[in-house]
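# Summary of structural features
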Amino acid sequence: MQAHEKGYFTEADSVEVVTGRNANAKDARLREVMEVITRKLHEAVKEIEPTQEEWFQAIMFLTDTGHKCDEWRQEFILLSDVLGVSMLVDAINSRRPSGASENTVLGPFHVADAPAYPMGTNICLDHKGEDMVVRGRILDTDGNPIEGAKIDVWQANDEGFYDVQQKGHQPDFNLRGVFRTGADGTYWFKAVKPKYYPIPDDGPVGKLLADLGRHPNRPAHLHYIVTADGYDPLTTHIFDPDDPYINSDAVFGVKESLLADFNLVEDRSRAAEVGFDGPYWDVEFDFVLAKV
Ligand code: BEZ
Ligand code: FE
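Below you will find a few notes about this structure. These numbers were taken from a predicted model, which means no experiment stands behind them. (Residues numbered from 1 in each chain as written. Chains lettered and ligands numbered in written order. Predicted model: local features only at pLDDT ≥ 70, side-chain atom pairs only at ≥ 80, totals over all residues. Heavy atoms only, no water.)

### Section: the overall build of the chain
A count of helices and strands for the chain gives seven helices and 11 strands. With respect to the three principal axes, the spread of C-alpha positions in the chain is 85 × 40 × 30 Å. Counting across all 292 residues of the chain, residues that qualify as buried make up 41%. Taking as baseline every contact in the chain between residues at least 6 positions apart, the subset at least 24 positions apart corresponds to 70%. Put simply, the chain shows about 16500 Å² of open surface, and 53% of that area lies on carbon and sulfur atoms. The distance from the centre of the 29 positive side-chain charges to the centre of the 50 negative ones in the chain is 4 Å. (Helix = DSSP H or I, 4+ residues; strand = E, 2+ residues; numbered from the N terminus. Buried < 20%, exposed > 50% of the residue type's maximum accessible area, 1.4 Å probe, protein only. Contact = heavy atoms within 4.5 Å. Areas by Shrake-Rupley, 256 points an atom, 1.4 Å probe, with all protein chains shown as cover. Lys, Arg positive; Asp, Glu negative; His and termini not counted. Charge placed at Lys NZ, Arg CZ, Asp CG, Glu CD.)

And the structure:
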């Protein structure tokens, strides 16, 4: 009988002693997951050699993270976000053929029942901020337009807040809308130039970021969920490449392929064509969906 088979704990055999106890797990996947997690966790503890006080500090951090959660706030997801785990899980679950648009995190501010609008609608209901036109095409990986694609878009306002964070201050459903493409696969709508904003940082995750010398900001972006029958749903953002936080997103959501061009149009006749009376930002971005 090997030392660990006796079930007696030793520092050297710690992984085998613990994982061996799970031999009768009812679910093979659970057993596999716990085997890996136990192995990696013990490896980390052996490398770090925490004092009892440090281990208790870690326990209290997780306890505080749990206490911060309620119906509206999910501090564990935020923790997963700032550790890059949300993006890693997303990447593993959205591998696509080359040429298809890349996914990024959903985030907590999507609202399921945003209003459907005709193309060209201004989704900025309070008209606060710098005007913007967003346009492009929904294509398949062969470059063909996709008819009937649903584009669900939402964004923060010019001060970096979503409508749901400023109820009573911003109109309900401000800067949200659902559009559907016609036969040419094109989309366009009006909005305002979004601003960077901090992820909720008044809890243990915000304190961790501060202790690590990290800022809590996400660079300016627009969120999209693009769906079409027969295609892999795309949950993504497009980003302003000139944002001060473009290279240091607190949740690692930026991918190079998702940088859009934000061009300032000062020509009054072009502005008039899209229904603005002054300068506006013109943003063009095509999305490519992969077949399922
Ligand atoms: C967002 O982009 O809406 C977001 C993503 C992750 C954490 C917090 C906010
Ligand atoms: Fe966001």
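More follows now that the structure is in view.
### Points about helix H4 (residues 75-82)
Two residues of an α-helix separated by three or four positions point the same way, owing to the 3.6 residues in each turn. Of all the positions in H4, only Glu75, Leu78, Leu79, Asp81 and Val82 are classed as buried. Within H4, the buried residues cover an arc of 160° as seen down the axis, which keeps them to one side. Buried positions along H4 lie against helix H3 (52-67), helix H5 (85-93) and helix H6 (204-211). Where H4 terminates, the next one or two residues include Gly84, which has phi positive at roughly 80°. (Arc of directions from axis to C-beta.)

### What about the pattern of salt bridges?
Evaluated as defined, the whole model comprises 16 salt bridges. For Lys68, the salt bridge is made with Asp202, and the minimal N-O distance between the two is 4.0 Å. Pair noted here: Lys68 is in the loop between H3 and H4 and Asp202 is in the loop between strand E5 (197-198) and H6, with a separation of 134 residues, a long-range link. Of the residues examined, Asp202 reaches a relative accessible area of 55% and is grouped as exposed. When the shortest N-O distance is used, the salt bridge between Lys128 and Asp158 registers 3.2 Å. Of this pair, Lys128 sits in the loop between H5 and strand E1 (131-140) while Asp158 sits in the loop between strand E2 (150-155) and strand E3 (176-180), placing them 30 residues apart in sequence. Where salt bridges share partners, they join Lys68, Arg73, Glu75 and Asp202 into one cluster. (Salt bridge = Lys/Arg side-chain N within 4 Å of Asp/Glu carboxyl O.)

### Quick notes on the site of ligand 1
The environment of ligand 1 is made up of Leu78, Asp81, Gly107, Pro108, Phe109, Tyr162, Tyr197, Ile199, Arg218, His221 and His223. Between Tyr197 and ligand 1, the recorded distance is 2.6 Å, taken from a side-chain N or O atom to an oxygen atom. One of the side-chain nitrogen or oxygen atoms of His221 is found 3.2 Å away from an oxygen atom of ligand 1. Protein contact buries 100% of the 270 Å² of open area that ligand 1 shows by itself. When contributions to the shell around ligand 1 are tallied by element, the ones reaching two or more residues are H4 and strand E7 (221-227). (Near = heavy atom within 4 Å. Polar contact = N/O pair within 3.5 Å; in protein donor to acceptor, adjacent residues only side chain to side chain.)

### Some thoughts on the nonpolar core
Proteins that are soluble and globular tend to have nonpolar side chains buried together. In terms of nonpolar packing, the biggest core is built from 32 residues, with Phe189 and Tyr224 touching the most fellow members. If you list the elements that add at least two residues to this core, you get E1, E2, strand E4 (186-192), E7, strand E8 (234-239), strand E10 (280-284) and strand E11 (287-289). Each residue touching Phe189, except ones within four places of it in the same chain, is listed here: Gly120, Thr121, Ile123, Met132, Val133, Val134, Val153, Phe179, Leu222 and Tyr224. Counting 10 residues, the second largest nonpolar core, distinct from the first, contains Leu78, Met87, Val105 and Val205. (Core = buried A, V, L, I, M, F, W, Y, C linked by side-chain atoms within 4.5 Å.)

### A short note on the environment of Gly230
Structurally, Gly230 can be placed in the loop between E7 and E8. Residue Gly230 is classed as partly exposed on the basis of its relative accessible area, which comes to 42%. Through-space distance from the C-alpha of Gly230 to that of Pro194 is 32 Å; in sequence the pair is 36 residues apart. The residues contacting Gly230, other than those within four sequence positions of it, are Lys291 and Val292.

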